[in-house]
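Given next are the chains, with one letter for each unit.
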Amino acid sequence: MSRLYSPQQAAQLLVGRRKALGLSQAEVAARLGISQNRLSELESRPERLTLDRLLALAGVLGLELAIGDKPPPRGDSEW
């Protein structure tokens, strides 16, 4: 399971998964009902992904999103 801390990490994960599945932007975009140009924009500017679009994209790529408690910090650091 991957932990995400930024929109850019999400984009890297989604693009990597799309490519690992051998899917083009056009194929994924068609499944989402959007243009290839729009998908390209979302991949390059992931901060523009809405939650519903992120869930749909994850579903097309065979991924799921999960939210859980953040683990407590480890170590003896005073910070």
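Residues numbered from 1 in each chain as written. Predicted model: local features only at pLDDT ≥ 70, side-chain atom pairs only at ≥ 80, totals over all residues. Heavy atoms only, no water.

**Focus on the environment of Ala10**
Right, on to step 1. Its location among the elements puts Ala10 in helix α1 (residues 7-20).
Right, on to step 2. Sequence separation of Ala10 and Glu64 is 54 residues, and the distance between their C-alpha atoms is 12 Å. (Helix = DSSP H or I, 4+ residues; strand = E, 2+ residues; numbered from the N terminus.)

**Details of a nonpolar patch on the surface**
Right, on to step 1. A cluster of nonpolar side chains, namely Leu51, Leu55 and Leu65, defines an oily patch on the protein surface of about 290 Å² accessible area.
Right, on to step 2. Looking at the secondary structure, you find Leu51 in helix α4 (residues 51-60).
Right, on to step 3. Judged by relative accessible area, which is 59%, Leu51 ranks as exposed. (Patch = residues over 30% accessible without salt bridge, like charges linked within 9 Å, V, L, I, M, F, W, Y side chains within 5 Å. Areas by Shrake-Rupley, 256 points an atom, 1.4 Å probe, with all protein chains shown as cover. Salt bridge = Lys/Arg side-chain N within 4 Å of Asp/Glu carboxyl O. Buried < 20%, exposed > 50% of the residue type's maximum accessible area, 1.4 Å probe, protein only.)

**Things to note about the environment of Pro7**
Right, on to step 1. Assignment of secondary structure puts Pro7 in helix α1.
Right, on to step 2. It is 5.3 Å that separates the C-alpha atoms of Pro7 and Pro46, two residues lying 39 residues apart in sequence.
Right, on to step 3. Not counting residues up to four positions away in its chain, the partners in contact with Pro7 are Pro46 and Glu47. (Contact = heavy atoms within 4.5 Å.)

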